[in-house]
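# Examining the three-dimensional arrangement
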Amino acid sequence: MSESSTGGSYGKAGFTRRRFIIGTAGVSAVAALGGTVVRAPRAVASGAPSGPPTTTLPLPTTTKPEQLLLTWGGDPATEVTVSWSAPGTVAQPAPTLAVSAQPITAHNPGRLVKMPDPKPLDVTQRYGEAASVSFTDGLNGQTTYFYHVQLKGLKPGTRYYYQVTDGASEPSTAGSSFETAPSGRAKFRFSSYGDLATPSWDLNTSGNIWHESCDNSWYAVTAIENPGDGKGAPLFHLLNGDLCYANLDVDNAPGVWRDFGNNVARCAANRPWMPALGNHECEFGTDTISGHPGKAPGGIAAQGAAGNYWNGPYGFGHYLSRFLLPDNGVTNWDGNRLRGNFYAFQVGTVTFISLDADDVIYQDGAANYVIDTANTPPETTTTGASIPNGTTTYTRFYTGGLKPDATNNSLVPDYASGQPNLQTIWLERTLARARRDPSVDMIVMFMHQCAMSTSVPGNGSDLGIRQAWLPLFDKYEVDLVLSGHEHDYERTYPVRGYDTGAHGTVAAPNPGQTKGAAVDTRRPSVAATEPHDVDGTPAWNTAEGTVYLVLGGGGTNGPTNTYGTDAADDKPQAKVITTRNAVVGSEAAGFVKNGADSIEDAPWSAAINPTDAYGYSIFDVDPGRHRGETTITFQYFAIPAVTNEAGSAHDGTTTLPTQPTEKFVFGRRVGRR
Ligand SMILES: [Fe+2]
Ligand SMILES: [Fe+2]
């Protein structure tokens, strides 16, 4: 492919620099300095299951509170939401939460919040201080229970203790403590990864193995509670989508979520975990896309064929039941409130924005039942729910439409349609407000899918994100964009604008495309290839360009850390999804779905890690003294794979490195002193 001219208003450096290949050097550095060998506790299960269960397994009938989970409210300095679950399909008799700034004891019972009777998930409602939510899985019929208390009026930078009980005649309790965010310009630490999945059988509460189970998922949570540099756990964690892959276990999604909840609770009971929606949060069920029960004639077996194959609103029923996230105030065109689908919060001098990229991506890659065999019967679950072959859950534009702006190959809210894309409108409003706010120095986005990835076995870079949101990230000078989706680590140079005329090539055409044709991939333009220096640490100026990090190495059993290279010149190359890879075929012939359709040269790719797919990131925010001086010191710690990453056997041991594999400073004044 050609190296073409550069457009946009920003200069671009030469592309002669090779991208930094980390891993091998990093691992030997770790070996030399010594890592922390962590051995897992022994299993509760008696032996390794042969694979994921293929029938619905019962859930416990006990009510002891578990899966403790903290999230920020709208203002992290004063608002924290405490959530927990019952283990199975029995609601807790009389659940309560006690909270106090002192440890809860017999002498200090704390302030008591009584939970109301559970109501089925209804995203058209507003939530009071205490909410009990039930959700019935459309495919396996199990009803599970989630409890949320939105604590408000807390003191900033203060530790609070809490305890929840099920209120049974012989009550069971669980509890922990947390710290609210500091107010004003303050130092703090946060962490991130995506694609966590569930541990393997030996470390799961259930003793089961699920479709993406891998013990790296267990170590990833351990690592956030005790980061390798020994400088303490973060204030909160960002979880960049693909939380547990419950949509792959169609007979047992509630059971998968339970194992995820208990694994995460080892950390999320002590500090907020803030998620973003990924493609695997979208599940098959028997509802309409808006989450109303399917009413096609013929009962539960007929709903899938009638288009009622969604598990709650947009397939996100489990996610929206489990997490009660900051309210964006947006009501969708179908009347559903979009609370938690996307949201923003501020800690110190940083605004964090979680986006649902499912709304703008081209990729058709959420729940899917696509079998390339003639006359394949529907996927039928224990309850008799039925998903016909060739079915996918595709939610692009579920908050409204975007239309092309030919002047810069972007997509903008389509007001003429009467239903413009609400998430994109909210995003621009939120970015504009943050950049106007004198208390905000830096903006960190987190979402699931990638605007830029060079993974070869993975999904590819999605043009939909580049067209819908990168113009806004450029306009409002977003500093960092964190994603997952690829199960690997990747870092870009700072980018701004795009390389006009730098076309990619159609390599695997979707219907309507021609192999070998040029395609405008809106390739992001590199703003700098040489870092500055801050006290001996390489540093990137994010006012010059936005840095994109792929942090998808939470712990799935499917690593994707091999990367594209153009054989002609040995330079980085990326797959790009430029049109919907829709399902094609017929009942009689079977169905197929394409992968990424195009490839492009990828001069934006600055670092990859072919050695270790797994890892976690620690970010230390220092506000400096004055407005605009905030820096974020970033450390990436690669985690070696345990031996079960592709199967069920394992050795229960890995090495959690004490030295970062990569370390950088990000800031808007870097190099300008
Ligand atoms: Fe994933
Ligand atoms: Fe994904």
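A word on the overall build of the protein chain. Along its length, the protein chain carries 7 helices and 42 strands. What you see for the protein chain is a C-alpha radius of gyration of 24 Å, in line with the 26 Å of a compact globule of 673 residues. Expressed along its principal axes, the backbone C-alpha trace of the protein chain runs to roughly 75 × 65 × 55 Å. Within the protein chain, counting contacts between residues at least 6 apart in sequence, those at least 24 apart form 75% of the total. As displayed, the protein chain offers around 23,200 Å² of accessible surface, 52% of which is attributable to carbon and sulfur atoms. For the protein chain, the centre of its 49 positive side-chain charges and the centre of its 64 negative side-chain charges are spaced 8 Å apart.

With that out of the way, let us pick up the coordination of the iron ion (ligand 2). Protein coordination at the iron ion (ligand 2): the donors are Asp 242 (OD), Asn 279 (OD1), His 448 (NE2) and His 485 (ND1), at 2.1 to 2.2 Å from the metal. Metal-centred angles of 87 to 160 degrees between the 4 donor atoms at the iron ion (ligand 2) mark the site as irregular. When the donors of the iron ion (ligand 2) are listed by position in the chain, the intervening gaps give D-x36-N-x168-H-x36-H. Between the two metals, the iron ion (ligand 2) and the iron ion (ligand 1), the spacing is 3.4 Å, and Asp 242 donates to both.

Phe 352 and Phe 473 are the most contacted members of the largest nonpolar core, which totals 159 residues. Tallying contributions element by element places helix α3 (residues 253-268) first for this core, with 7 residues. Other than its neighbours up to four places away in sequence, Phe 352 contacts Phe 188, Phe 190, Phe 236, Leu 238, Tyr 343, Ala 344, Phe 345, Val 347, Val 444 and Phe 446.

The next point concerns the coordination of the iron ion (ligand 1). Coordination of the iron ion (ligand 1) by the protein comes from Asp 195 (OD), Asp 242 (OD), Tyr 245 (OH) and His 487 (NE2), over a distance range of 2.0 to 2.2 Å. Site description for the iron ion (ligand 1): donor spacing in sequence, D-x46-D-x2-Y-x241-H.

With mixed pairing, 8 strands are arranged side by side in an open sheet as β1-β38-β26-β33-β25-β23-β16-β15. Two strands lie at the open edges of the sheet, namely β1 (20-21) and β15 (343-347), each paired on one side alone. Where strand β26 (residues 489-492) meets strand β33 (residues 547-551), 3 bridges bridge the pair, whose relative direction is antiparallel. Opposite Arg 491, over in β33, you have Leu 549 as the bridge partner. Helix α5 (residues 422-436) rests against β15, β16 (350-354) and β23 (442-446) of the sheet, and its axis sits at about 155 degrees to β23.

As a further point, take the sheet that holds strand β8 (residues 130-136). Pairing in this open sheet of 5 strands is mixed, and the strands run β3-β4-β9-β8-β7 from one edge to the other. The outermost strands of the open sheet, each flanked by one partner alone, are β3 (66-72) and β7 (119-120). Contacting β3 and β9 (143-151), α3 crosses the sheet at an angle of about 65 degrees to β3.

With their axes 8 Å apart at the nearest point, helix α2 (residues 216-225) and α3 run at an angle of 10 degrees to one another. Classified by the angle their axes make, α2 and α3 are roughly parallel. For the crossing formed where α2 meets α3, the hand is right-handed. Where α2 abuts α3, its residues Ser 217, Trp 218, Val 221, Thr 222, Ile 224 and Glu 225 lie against Asn 263, Val 264, Arg 266 and Cys 267. Partitioned by chemical class, the residues of the contact of α2 with α3 number 5 nonpolar, 3 polar and 2 charged.

Oppositely charged side chains are able to pair whenever their charged atoms sit close together. As enumerated under the stated definition, the model contains 18 salt bridges in all. A salt bridge links Glu 428 to Lys 475; the nearest nitrogen and oxygen atoms lie 3.0 Å apart. Placement of Glu 428 in helix α5 and of Lys 475 in helix α7 (residues 470-475) is noted, with a sequence separation of 47 residues between them. Overall, Glu 428 belongs to the partly exposed group, its relative accessible area being 26%. One salt bridge connects Asp 479 with Arg 668, and the closest N-O pair in it is separated by 2.8 Å. A residue pair is termed long-range when its members are at least 10 positions apart, and Asp 479 in the loop between α7 and β25 (480-483) and Arg 668 in the segment after β42 (662-667) qualify at 189 residues.

Glancing now at unusual backbone geometry. Of note in this structure, Asn 375 is not a glycine but carries a positive phi near 50 degrees. Looking at the element boundaries, Asn 375 is found in the loop between β17 (368-369) and β18 (379-380). The backbone phi angle of Asn 409 is positive, close to 50 degrees, even though this residue is not glycine. Position of Asn 409 relative to the elements: it lies in the loop between β21 (402-405) and β22 (410-413).

So, on to the packing of aromatic side chains. Tallied over the entire structure, the rule returns 31 aromatic pairs. A centroid spacing of 5.7 Å and a plane angle of 70 degrees characterise the contact between Trp 72 and Phe 236, whose relative ring orientation is edge-to-face. Residue Trp 72 is found in strand β3, and its partner Phe 236 is found in strand β13 (residues 236-239); the two are separated by 164 residues along the sequence. The exposure class of Phe 236 is buried, given its relative accessible area of 0%. When the centroid spacing of 5.7 Å and the interplanar angle of 10 degrees are considered together, the rings of Phe 190 and Phe 236 count as stacked. In this pair, Phe 190 sits in strand β12 (residues 188-193) while Phe 236 sits in strand β13, placing the two residues 46 residues apart along the sequence. Assessed through its relative accessible area of 0%, Phe 190 is described here as buried. An aromatic cluster is present here, built from Trp 72, Phe 188, Phe 190, Phe 236, Tyr 343, Phe 345, Phe 352, Phe 446, Phe 619, Phe 634 and Phe 666 joined pairwise through their rings. Across from the ring centre of Trp 218, 4.1 Å away, lies the NZ or CZ of Arg 266, which sits over that ring. In this structure, Arg 396 is placed above the aromatic ring of Tyr 362, and the distance from its NZ or CZ to the ring centre is 4.0 Å.

Okay, the confidence of the model for the protein chain next. Averaged over every residue, the pLDDT of the protein chain is 92; the share at 70 or more is 92%. Note that pLDDT drops below 50 for residues 1-17; the model gives that stretch 44 contacts with residues more than four away or on any other chain. When the criterion is pLDDT under 50, residues 25-34 qualifies, and its contacts beyond four places in sequence or with other chains add up to 8 contacts.

The rules behind each value
- Residues numbered from 1 in each chain as written.
- Chains lettered and ligands numbered in written order.
- Predicted model: local features only at pLDDT ≥ 70, side-chain atom pairs only at ≥ 80, totals over all residues.
- Heavy atoms only, no water.
- Helix = DSSP H or I, 4+ residues; strand = E, 2+ residues; numbered from the N terminus.
- Rg over C-alpha atoms; globule rule 2.2 N^0.38 Å.
- Contact = heavy atoms within 4.5 Å.
- Areas by Shrake-Rupley, 256 points an atom, 1.4 Å probe, with all protein chains shown as cover.
- Lys, Arg positive; Asp, Glu negative; His and termini not counted.
- Charge placed at Lys NZ, Arg CZ, Asp CG, Glu CD.
- Donors = N, O, S within 2.8 Å, 3.2 Å for Na, K, Ca; no water.
- Tetrahedral: all angles 85-135°; square planar, octahedral: opposite > 155°, others 65-115°.
- Core = buried A, V, L, I, M, F, W, Y, C linked by side-chain atoms within 4.5 Å.
- Buried < 20%, exposed > 50% of the residue type's maximum accessible area, 1.4 Å probe, protein only.
- Pairing = 2+ DSSP bridges.
- Axes fitted to C-alpha atoms, helices over the stretch in contact; angles between N-to-C directions.
- Parallel < 35°, antiparallel > 145°, perpendicular 65-115°, else oblique.
- Left-handed = near helix turned anticlockwise from the far one by under 90°.
- Nonpolar A, V, L, I, M, F, W, Y, C, P; charged D, E, K, R; others polar.
- Salt bridge = Lys/Arg side-chain N within 4 Å of Asp/Glu carboxyl O.
- Phe/Tyr/Trp six-rings, centres within 6.5 Å; stacked < 30°, edge-to-face > 60°.
- Lys NZ or Arg CZ within 6 Å of the ring centre and 35° of its normal.
- pLDDT = per-residue confidence, 0-100.

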